[in-house]
Amino acid sequence: MMGRWPLVLAVLVAIVLAGVPWFGNDVAVQFGINALLLATLAQSWNILGGFTGYVSFGNSVFYGLGTYGTAVAMTHFNLPFGVGLVVGAVVAMLCAALVGIPILRLRGPYFAIATLGLNGAMAAIVSNLPIAGSNIGLVLPLMRGDAIFYELALALLVVCTLTVLWISSSRYGMALVAIREDEDAAGSMGVNATLYKVTALVLSALFTAIAGGIHAYWSTFVDPASAFDTTLNVRMVIMCVFGGPGTVFGPVVGSFILSAVYEVLASEISTAAVLFFGLVIVLAVVFTPKGLTDLMAGARRSGWRYLFRNIRENRL
Amino acid sequence: MKNSIVALAAAAAFASSVGLARADNVITLGASVQLTGSSANTGRYYRDAYGLTIAKINEAGGIKVGGKTYKLALKILDNQSDVNLSVRQYVQLITSDKVNFLLGPFASNFALSDSSIAEKYQIPMVQGGGASTQIYTRHYKYIFGTLPAADDYYASTIEMFGKLQPKPETVALVAADDSFDVSVAKGTRERLKAAHMKIAVDATYREGNSDFSSILTQIKAANVDAILWSGHETEALNFIRQMKSLNVNPKDYYGFTVGVPTEDFRKALGKDANYAFGMTSWLPSATLKDRWFGDALGFAKAYKAKFGYDPDYHAASGAADVETFAVALEKAGSLNPKAVRDAIAKINFSSLYALHTKYGENGQIILPQIVVQIQDGKLVPIYSDQFLNKPQYPVPPWNKRG
C-alpha cells in the first residue's frame, strides 16, 4: 500500500508545474505541453495495459479520433473548442466500446495483434472521408496563448492520475488486477471480465482522445499520418512500462524522465540522439524490467544488488 | 603547462568567435530542418542551400541595411523529422537564440505547423519546402513560400495545349490519393473545365500502387487525346511500362508531375522514356540571372563543387529564401520584423530560382512549371509561358517507334 509521502510530493509537483508559464520561458512551456500530453497518454494506456495486462497497440486510434473529432467539429461546424473535445471523446469512447467487445475476448499476444491492425484501418477510413479533409488534413484556427494549452494539458493529466489513483484503491481496480493475475480464476469468483476490460478500455480512450483534441488545436493542423501515428502508441507503452505499469505515479514519472532525456539528447547530440535514446531503453529493460517504481522499492531493500538480481531472475 | 596554454588560447578563440557571432553587425537566420530521420534525404538540400547562399552573400561583403553593413549568419537545428520537435525548435530559435528571421523546414506538414509559430511571434518566415495551398489559406501575414501551388502544376501544360496543333480535346486524369496529388488533381480539373476540355477518365489510385491495368483499360476504351498523370516516381515508371505492354496510345500527349526530369527515370526506361512529357519548377539555366551567383548555372556549379551532388529545385528554392531576406532587408532599411515583412510582400527580383521572385497576395510565389520532354534520351525544356523548344508532338504510338 502506498504511504502518504508520494501523494504529498505529487501535489507539490503539480503546484510547481502549474506555475511554469509564469516563471518559465516559452521553450519550457512548449516542452511542457508535449511532455504533459505524452504523460497523459502513458497514464491512460496504464488503465488497461498496466492493470489488466492487456497490451494495446490500438490506443493511437483513440488519439486520432480525438484529434479528428475536435478538428471536424471546430472547422466544419464552427463549434467551440470545448464542444469539440467532447465530440472527439464521445466518438473515441464509442469506438472503444464497439471494438473492445469483440477483441477483448482475445487474450495475450492475440489481443495485441488484433489491436495492431486497428490503426491502419482507421487511418485508411479517415483519409477517404471528405468531411475529415480526406488525405489533405484539416487546418484549425490559430490561438495565441500557449499557457492555456499548458494548463489544460496539466489539468487533464491530474484528472487522469486521480482516476488511476481511485482505480488502484477501489474494488473495480482489484477486479482488473485479478484479471491480470488469472482471468479464469477471476471469472469463477464472479468478476464479469469482459465488462471490466471494456470499461477500462473506454476510460483509457476518454483521456487519450482529449489529449489528442488539445494537441490538434495547439498544433493547428491534423492529417491522417500524424493523427494515427503508430510510433506514438509505442511511446505510450515504453513510457508506461519504463515508469512502472499498474502503479499510480510510475507512468507519469517514466514519461517525464524519458521526455527530458529525449529533449536533452535532441538538443545536445542531435545526430545520434535516437541511438542513445534506444540505448537508454535497452538498459532500462535489462536492469529494471518492472519499472522505476519497483526500482525505488527494490533499491531500498537491497541496494545496488537489485539491478543484478533482475538480470539473474530473468536469465539474461 | 603547455597544454593549458593551448586550452586557454582555444577557449579565447572560441569566446571571440562566439562574440563575433553575437556582434551587432550580424543578422541571424534560424531554421529547423530534417537533418536526420525519414526526411533527411531531402532536408539536406535546404541545409546546404542555406549555408552556401549565406556564405556567398558574405563573400560579396554582406548586405547594407540603413547605411550599415551586416553579415548574415545561420542557426540551424535538426528536428529529426519530428513535427512536434520542429515546432519547439522554432520557439527556441525565436525566444532563446534570438534569431532575427526564419527560414523554413522541408515538407508541407512541417511548414503548416511551424508557420503558426512565425505568425504567433510575428517574425517573418520564408520557406521553400512546403507547397500545400493550405499553408496560405489561413490569412497569415508573416509566412512566404517559394514552392508553387500544387493546384497549379498543370497550369502551364494546359495553357500550352491551347497553342498546339492538333489541340487535345479529351483528357484522362490519373492521380494518387495522397494530399499533394489530390490537390494537383483538384486544380487540374478546374483548369481543364475552364479550357473547355472533356475529362473522359478521372481515376484515383492508392499511393504505392503498382498495377495500373484496369485504369489503362478504361483509358484505352475512352480513346483519349491526352493523359495527365500525378503521383510518385516509381508509380510513374510502372505506369509507362504497362502503357507499353497493354499498347495504350493517347492520340497526342502524356505527361507526368514527377520522374521525367530525373536521370534515374531515363536510365530505368531507356528508349521507352522518349516522348514522355513532364514538368519541373526549376532548371539550372543561364537565363535566370542572379546577383550573387551570376546565374542559375553558376549556382548549380558552386553547389556541386562544394557538396558533391547536383542541386534540384528544393535547393534552388532554399537559396531563393535566403536571397529574399537579403533583398528585402536592403529595401526595408531596418531590421524591424514588420518592416521586413512589408518589404518581402512587395519584392520582385531576378534570382537563380525564378525570373520574377515575388509573392502573391497570400504569400505564395507565382511560378509557372516548365514543361519538359525527353527527346532521344535528353531532357528538353519545352514551355514555360512561351515555347522554349519544339515539342515532338503528337506522340507516336508504341508500335510506330524506331
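Residues numbered from 1 in each chain as written. Chains lettered and ligands numbered in written order. Predicted model: local features only at pLDDT ≥ 70, side-chain atom pairs only at ≥ 80, totals over all residues. Heavy atoms only, no water.

Attention shifts here to the pairing of strand E7 (residues 170–176) of chain B. All names here are of chain B. Counted residue by residue, E7 has 7 buried out of 7 residues, so it is predominantly covered. Residues Thr170, Ala172, Val174 and Ala176 of E7 are buried on one face, and the alternating residues Val171, Leu173 and Ala175, pointing to the opposite face, are buried as well. Each parallel crossover has a hand, and the one from E7 via helix H6 (residues 179–194) to strand E8 (residues 198–205) is right-handed. (Buried < 20%, exposed > 50% of the residue type's maximum accessible area, 1.4 Å probe, protein only. Helix = DSSP H or I, 4+ residues; strand = E, 2+ residues; numbered from the N terminus. Right-handed = clockwise from strand over helix to strand, strands pointing away.)

The next thing to look at is the pattern of salt bridges. Residues and elements named next belong to chain B. According to the stated counting rule, one finds 17 salt bridges over all chains in the structure shown. Where Asp177 meets Arg206, a salt bridge forms, and the shortest distance between an N and an O atom there is 3.1 Å. Of this pair, Asp177 sits in the loop between E7 and H6 while Arg206 is found in the loop between E8 and helix H7 (213–222), placing the two residues 29 residues apart along the sequence. (Salt bridge = Lys/Arg side-chain N within 4 Å of Asp/Glu carboxyl O.)

The next subject is the side chain of B:Gln364. All names here are of chain B. Counting through the fold element by element, Gln364 comes out in the loop between helix H12 (337–346) and strand E14 (370–375). Judged by relative accessible area, which is 3%, Gln364 ranks as buried. Within the structure, Gln364 has its side chain in polar contact with the backbone oxygen of Ala131 (distance 3.2 Å). Of note is the side chain of Gln364, whose polar atom sits 3.0 Å from the backbone oxygen of Leu147. Those residues in contact with Gln364 that lie beyond four places of it in its chain are Ala131, Thr133, Tyr136, Gly145, Leu147, Pro148, Ala149 and Tyr359. (Polar contact = N/O pair within 3.5 Å; in protein donor to acceptor, adjacent residues only side chain to side chain. Contact = heavy atoms within 4.5 Å.)

All names here are of chain B. Taking strand neighbours across the sheet as the criterion, the 6 strands line up as E2-E3-E1-E4-E5-E6 in an open arrangement whose pairing is mixed. Of all strands in the sheet, those with a lone pairing partner are strand E2 (63–65) and strand E6 (143–145), marking the two edges. Taking the axes of each pair of neighbouring strands and ignoring which way they run, one obtains an average angle of 35 degrees across the sheet. Sheet analysis places strand E1 (residues 26–33) next to strand E3 (residues 68–78), joined by 8 bridges and oriented parallel. By the bridge assignment for E3, Leu29 is matched with Leu74. (Pairing = 2+ DSSP bridges. Axes fitted to C-alpha atoms, helices over the stretch in contact; angles between N-to-C directions.)

The next subject is the domain arrangement of chain B. Domain boundaries assigned for chain B yield domain 1 (2–148 + 284–346) and domain 2 (152–280 + 369–400). Taking only C-alpha atoms, the centre of domain 1 of chain B and the centre of domain 2 of chain B are 35 Å apart. (Domains from an automatic or database assignment.)

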